[in-house]
Amino acid sequence: MRQSSLLAGTSKGLVILRPQQDHWVISDIQFSGLPVSMVFSDPRNGCWWVCLAHRHWGAKLHRSFDEGKHWEEVPMPVYPEYAQDSKGQRVQLKKIWAMQQAGPDRPGGLWLGTEPGGLFYSAHNGDDFELVEALWNHPSRKDQQQWFGAGRDHPFIHSIEVDPQDSRHLYIAVSCAGVFETRDGGASWAPRNKGLIAAYLPNPNVEVGHDPHRLLICQSAPHVLWQQNHCGIFRSIDAGQYWENVTDRNKLAEYGFSLAIDHQNPLRAWVIPAESDERRVAVKHALCVCYTEDGGKTWRAQRQGLPQHHAFDIVFRHSFAMDGETLAFGTTTGNLYLSTNGGVHWNRLSSNLARIDYLIFSSSKSA
């Protein structure tokens, strides 16, 4: 029998929730008072990872092999001396945005996405990391300078998706640059942004310069990818060769950050819309989740149990999680909601948390 934990990375610590009979309860709080910028649970070995974004000490990486009972600090990745920004200044790691396992055939392999736009790889379960030079030196970044920050000083890699059928095949999403693909384990990279729209640029159809907010690959059908983009919602059914704009025609499911998909049914997806780039609040101050079951042809709002008046909540890119038909999301105002029936009805688990930046389910063997 397996039991899930819900890990919420907040601006004031890591909150751990576990199911108890017919509801979920907060069972523990780790790193109390410290901002958590990234949470990852490795399905291969059960290891929990947390990155802390200390305002004074900078980013710090920790791991636990016993579900948070004990933590050990791991040395942070370091950019080599040759890694420079567009002004010729040596860059330093500002933030860890994402971590991903490298596949069952690479049991110690881990990918790490960072700001300022570097992808790191560890072959030894995080004991050491090396910068993926082929991506750092990609011509679109180094020579053409088409990578740039999205509301931040530098670009950042926030999504890393590994093909479940081929560990050498993966995608990363960069804000701002777009989606990049490698089929040789990171030795070479190609942009995969055809069909996307960059409405904020003079040429909205540029090859590089897009702002994906979240990228996911369907585990049962890895040729299907979804992204919640700065300029809408897009879906690819040919492994990223072309992206179809599946933004809601009624303009409700349009702008937002977060995304969840059904890994058994490539036609199902959920997004949580915000008013706009300029006004980042719930649409008309009514919190809702938008759901499609036909690949984005139509969308419908799921509102049961969610506040429909005076709601200022938005949901960041990593604050929406799914485990079977159970979905959960956390908001910028510290509200945490959960649905056990695919989003038809939502229950609020807490309204007293700090801003929620990361949310994941972690399965472990129960005693």
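S.K.: I would appreciate a short explanation of the sheet that holds strand β21 (residues 269-273) in the present structure.
M.R.: Strands in a sheet are paired, the pairing made by backbone hydrogen bonds, and the direction either parallel or antiparallel. Pairing is antiparallel across the open sheet formed by four strands, whose spatial order is β20-β21-β22-β23. The two strands at the open ends of the sheet, each matched to only one other strand, are β20 (256-261) and β23 (300-302). Direction aside, the axes of adjacent strands within the sheet are offset by 30° on average. Bridge count between β21 and strand β22 (residues 289-292): three bridges; the pairing is antiparallel. The residue of β22 that forms the bridge with Val271 is Cys290.

S.K.: Which parts of the structure should I look at to understand the sheet that holds strand β12 (residues 156-162)?
M.R.: What the four strands build is an open sheet, ordered β12-β13-β14-β15; its pairing is antiparallel. Only two strands of the sheet have a single neighbouring strand rather than two, namely β12 and β15 (190-191). In this sheet, β15 lies alongside strand β14 (residues 178-182) in antiparallel orientation, the contact comprising two bridges. What sits directly across from Glu181, in β15, is Ala190.

S.K.: Looking at this model, I keep getting lost on the nonpolar core. Mind explaining?
M.R.: Generally speaking, soluble globular proteins have nonpolar side chains that are buried together. Counting residues in hydrophobic clusters, the biggest one holds 48 residues, and the most contacted among them are Met38, Trp49, Met99, Leu119, Leu135, Ile172 and Phe180. The leading source of residues in this core is strand β5 (residues 48-54), at five residues. When residues no more than four places from it in sequence are discounted, the contact partners of Met99 are Met38, Phe40, Trp49, Leu61, Leu110, Trp111, Leu112 and Phe129. Ranked by size, the runner-up nonpolar core spans 17 residues in total, among them Ala221, Trp226, Leu259 and Ile261.

S.K.: So what exactly am I meant to see when it comes to the environment of Asp163 here?
M.R.: With respect to the secondary-structure elements, Asp163 resides in the loop between β12 and β13 (170-175). In the structure, Asp163 is positioned 59 residues away from Pro222 in sequence and 6.1 Å away in space, judged by C-alpha atoms. Contacts of Asp163, omitting those with residues within four sequence positions, involve His169, Ile217 and Pro222. A distance of 2.8 Å separates a polar atom in the side chain of Asp163 from the backbone nitrogen of Gln165. A polar atom in the side chain of Asp163 sits 2.8 Å from the side chain of His169.

S.K.: I'm lost on unusual backbone geometry in this one. Help?
M.R.: Backbone torsion omega between Ser175 and Cys176 reads -5°, so that peptide bond is classified as cis. When you line up the elements, Cys176 lands in the loop between β13 and β14. Non-glycine residue Glu67 carries a positive phi angle of around 55°. Mapping Glu67 onto the fold places it in the loop between β6 (58-64) and β7 (72-74). For Glu67, a relative accessible area of 22% gives the class partly exposed. The phi torsion at Lys284 lies on the positive side, around 55°, for a residue other than glycine. With a relative accessible area of 70%, Lys284 lands in the exposed category.

Definitions and cut-offs
Counting of residues starts from 1 at the beginning of each chain's written sequence and follows it residue by residue. This being a predicted model, a pLDDT of at least 70 is required before a residue's local features are given, and a value of 80 or more before pairs of side-chain atoms are given or counted; all residues contribute to the totals for chains, interfaces and linings. Hydrogens and water molecules were not included; the side-chain quantities draw on all heavy atoms of the structure. Strand pairing is assigned whenever DSSP identifies at least 2 bridges connecting the two strands. The helix count covers DSSP runs of H or I at least four residues long, the strand count covers runs of E at least two residues long, and both are numbered beginning at the N terminus. Helix axes are fitted only over the stretch in contact, all axes being lines through C-alpha atoms; the angle between N-to-C directions runs from 0 to 180 degrees. Nine residue types can take part in a nonpolar core, namely buried Ala, Val, Leu, Ile, Met, Phe, Trp, Tyr and Cys, and a core is a set of them joined through side-chain atoms within 4.5 Å. We call a residue buried when its accessible area falls under 20% of the maximum for its residue type, exposed when it is over 50%, and partly exposed in between, using a 1.4 Å probe and counting protein chains only. The contact definition used throughout considers only heavy atoms, calling two residues in contact when any of these lie within 4.5 Å. Distance and chemistry together define a polar contact, namely a pair of N or O atoms within 3.5 Å, with one atom able to donate a hydrogen and the other to accept it when in protein, and with adjacent residues in sequence counting only for side-chain atoms on both sides.

So far we have only geometry, and geometry alone does not tell us how the molecule works.
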